[in-house]
Structures are given as C-alpha cells and as structure tokens.
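Given next are the chains, with one letter for each unit.
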Amino acid sequence: MSHAPLVARCPAKINLSLRVLGRREDGYHDLDTVFQAIDLWDELEIHPASELTLECDHLNVPTDSSNLVLRAAELLRARHEAGADGARIVLRKSIPPAAGLGGGSSNAAGALLLCSRFWELPVGEAELCALGGELGADVPFFFHGGRARGLGRGDRLTPLAFPGESHLLLGLPPFGLSTAEVFRRHAERLTPPANGVSLARPIGHKWPEGNNFSLAANDLESVVFDGWPELSSFRDALVEQGAEPALLSGSGSTVYGVFEGAADVDRVRDALGARFGHWTLLPSRTVPGSVRVNPLGRRGA
Ligand code: C5P
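Residues numbered from 1 in each chain as written. Predicted model: local features only at pLDDT ≥ 70, side-chain atom pairs only at ≥ 80, totals over all residues. Heavy atoms only, no water.

1. Thoughts on the overall build of the protein chain
Line of reasoning, step 1. Helix and strand content of the protein chain: 8 helices and 11 strands.
Line of reasoning, step 2. Taking 301 residues into account, the globule formula puts the C-alpha radius of gyration at 19 Å, and the protein chain, at 19 Å, falls close to it.
Line of reasoning, step 3. Referenced to the eigenvectors of the C-alpha coordinate spread, the extents of the protein chain come out at roughly 55 × 45 × 35 Å.
Line of reasoning, step 4. The proportion of buried residues among the 301 residues of the protein chain is 54%.
Line of reasoning, step 5. Of all intrachain contacts in the protein chain linking residues separated by at least 6 positions in sequence, the fraction that spans at least 24 positions is 76%. (Helix = DSSP H or I, 4+ residues; strand = E, 2+ residues; numbered from the N terminus. Rg over C-alpha atoms; globule rule 2.2 N^0.38 Å. Buried < 20%, exposed > 50% of the residue type's maximum accessible area, 1.4 Å probe, protein only. Contact = heavy atoms within 4.5 Å.)

Here you go:
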C-alpha cells in the first residue's frame, strides 16, 4: 500500500445538448447527450488511516455512506479484496451540489482513480469506467473529460474533438434540483394518454466540428422551466445579453450562457448581478481536462 498523500482534481461538466430518447426498463432514460468539461474543480485528498472516512468543507454535502466518494472507495475495496485498507479522504467542494454540473459524479470518478492509486490496485481505465457506471450514469464521462457524446444512460461514450475554449457564465439559483425528480416529471408528460408530444430524435452524431452550438438543445428544459420559471427568466436574460446559446445544464438548476470572450462574461455578470442578486453568477470556460491524480502539493494538469 502507498502511504504518500495524493490529491485528485475533479472537473465539473455542462451538457451542450441533452436529448431524451425514451424510458428504459431499468428506470433510467436513454439519452443522446454532449458532455463538456469546464474549469470548475473539486479536490479530493487522501491520507493513510486505519478506517475509511470522509470529511467535507460543504455543509450540504453528506459525509456518510450516501456520499458517492465513500461508495466508490467501498466498491473498489470490495472488488479487489483490499478490505483491510483504510484512508482519510478530504473533499474540498467548489462545484455546487444538485446543480446539473456533475459534481457528485466527478467526485466518484476522482475517488475511484485516487483510491486505486493509493491502494496500488491493478485497475485499468476500462474497469474504472465500468465501476463508475455502477455508481451513476454520468460518472464514466469524467475519466474521458473534454468533450464527449454519451448514449444509453449517458455512459456509452464517444470522444469528440475539443476545439479550444469557449467562455461561459454559469447562473445558479439559490436552490438545487433533484435529477430523479426532473426525469420523473419529464416522464409524466410523455405517458399516455397520448398528448401529442413526440420523442426527440438523436442528433449527437451530427454534432458540428468546432465551437458551433447551433444544435444545442435540452429536452428537460420544458419541465424545469415550467416548474421553476425563474430559470426561464434567467435564460431569456442571457439571450438578451448576447449569449449563444443559453441553456439548462443537465437536469439543472444551472443555466449557462456561452459568450465570445471573457470580457463579455464579466459585462453580463455585472449587468445581471442586481436583477438576479440572490443567484450565484460564476464565470467559467470549457476545458479539455478530466479527473487527474497527483502527489499532494503538486498541481499538475
Ligand atoms: O445515475 P444517477 O444516480 O446520477 O441518476 C439519478 C437519477 O436520474 C436516476 O435514478 C434516474 O431517475 C434519473 N436518470 C434517468 N436517466 C438517465 C440518467 C438519470 O432517468 N440517463
């Protein structure tokens, strides 16, 4: 077993597109989505310890076995007979929870990579992705990072070229949304009696090269904007300010806008700050990165 403290950096994601193709037998939905990693990172630190424990600096994040970090570590121990090995894991949150930014999923991917290195387990990328998929539909994306198309539950991934950074303004209302609840509301709309709503067609295969966002769409917007109209108002305000596009990320609650440059992002943050004073407005940008593990004290990629 390694005793050197290590740190994992775990990026957030947005969905550049999210089409819901239909309901599955296993309670999930088939998706055609385009994930994009962004420059907003959580950190996981791991130290030697006899027990497996988690600490976190965010009040709304549980540190018991409901946290995906501990579930990831426990899954790895169970599959690799590393049952006696403990670790003290410290999670530093920058990615807001329940925001559609994949923070919990990215933490799970980071924890799998971190613990496998720390305990020196022979785990390759394919196994990490498979274990990640058991923990959540979005988890495998974070091993690939950058930009990728996700089919199935979102876990059948095809890498897409990263065409260079785009500048983003993320808008977070003062509440999060439950992914399960948003999908449940969406499913109710599509349930008989037939209501004339037709299911979306896959479009990810047509996703254009470069930073052309003309195919950006999110099928969860209609239920989310109906249920939480403030999010729709924020989207409209971003469009008025020149965002191309402005879109809900995942199942929300984040609504983001894409802008030409960092100066536009700053201008729009200032312009919308007073009207959406109870929101958190975070500048960010798209990045090619994925989860990474380094010795503690070394930044690395
Ligand atoms: O996989 P994860 O735990 O992140 O998903 C949370 C919930 O979101 C699932 O239990 C399911 O209700 C819903 N979901 C879905 N279809 C997907 C992804 C998530 O219905 N492709």
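From this point, the narrative continues.
2. Comments concerning the side chain of R147
Line of reasoning, step 1. Residue position: R147 is located in strand β5 (residues 147–151).
Line of reasoning, step 2. In terms of polar contacts, R147 uses its side chain to reach the backbone carbonyl oxygen of G210, at 3.3 Å.
Line of reasoning, step 3. Not counting residues within four places of it along the chain, the set of residues in contact with R147 comprises L16, V34, F35, Q36, P159, L160, A161, P163, W207, G210, N211 and F213. (Polar contact = N/O pair within 3.5 Å; in protein donor to acceptor, adjacent residues only side chain to side chain.)

3. Here we look at the environment of Q241
Line of reasoning, step 1. Within the secondary structure layout, Q241 lies in the loop between α7 (229–240) and β8 (246–248).
Line of reasoning, step 2. By relative accessible area, Q241 is classed as partly exposed at 23%.
Line of reasoning, step 3. Once residues lying within four places of it in the same chain are set aside, the contact partners of Q241 are F259, R267, V268, A271 and L272.

4. Examining the pairing of strand β6 (residues 156–160)
Line of reasoning, step 1. Both β5 and β6 contribute to a ladder of 5 bridges, which runs antiparallel. Each residue of the ladder has a partner; that of R147, found in β6, is L160.
Line of reasoning, step 2. In textbook terms, the turn of a hairpin is the stretch between consecutive antiparallel strands, and for β5 and β6 this stretch comprises 4 residues, one of which, G152, has a positive phi near 65 degrees. (Pairing = 2+ DSSP bridges.)

5. Here's the deal with the site of the ligand
Line of reasoning, step 1. Surveying the vicinity of the ligand reveals the residues G27, Y28, H29, L31, G136, A137, R153, T179, A180 and F183.
Line of reasoning, step 2. The contact in question runs from an oxygen atom of the ligand to an N or O atom on the side chain of Y28, over 2.9 Å.
Line of reasoning, step 3. In the environment of the ligand, a nitrogen atom lies 3.0 Å from a nitrogen or oxygen atom belonging to the backbone of R153.
Line of reasoning, step 4. The protein chains hide 74% of the 450 Å² of surface that the ligand would expose on its own.
Line of reasoning, step 5. At the level of secondary structure, the elements contributing two or more residues to the shell around the ligand comprise β2 (29–47) and α5 (179–189).
Line of reasoning, step 6. If one sorts the elements of the shell around the ligand by residue count, α5 sits on top with 3 residues.
Line of reasoning, step 7. Grouping the amino acids of the shell around the ligand by side-chain chemistry returns 5 nonpolar, 4 polar and 1 charged. (Near = heavy atom within 4 Å. Areas by Shrake-Rupley, 256 points an atom, 1.4 Å probe, with all protein chains shown as cover. Nonpolar A, V, L, I, M, F, W, Y, C, P; charged D, E, K, R; others polar.)

6. Considering the packing of helix α2 (residues 103–118) against helix α3 (residues 125–135)
Each pair of packed helices can be described by the angle between their axes along with the distance between the axes.
Line of reasoning, step 1. Across the interface, α2 lies against α3 with an axial gap of 10 Å and an inter-helix angle of 135 degrees. Relative to α3, the element α2 lies oblique. When the axes of α2 and α3 are compared, the crossing they make is right-handed. Contact with α2, carried on its side by A108, L112, L113 and S116, involves L128, L131, G132 and L135 of α3 and no other residues of that element.
Line of reasoning, step 2. Per-class residue counts for the contact of α2 with α3 are 6 nonpolar, 2 polar and no charged. (Axes fitted to C-alpha atoms, helices over the stretch in contact; angles between N-to-C directions. Parallel < 35°, antiparallel > 145°, perpendicular 65-115°, else oblique. Left-handed = near helix turned anticlockwise from the far one by under 90°.)

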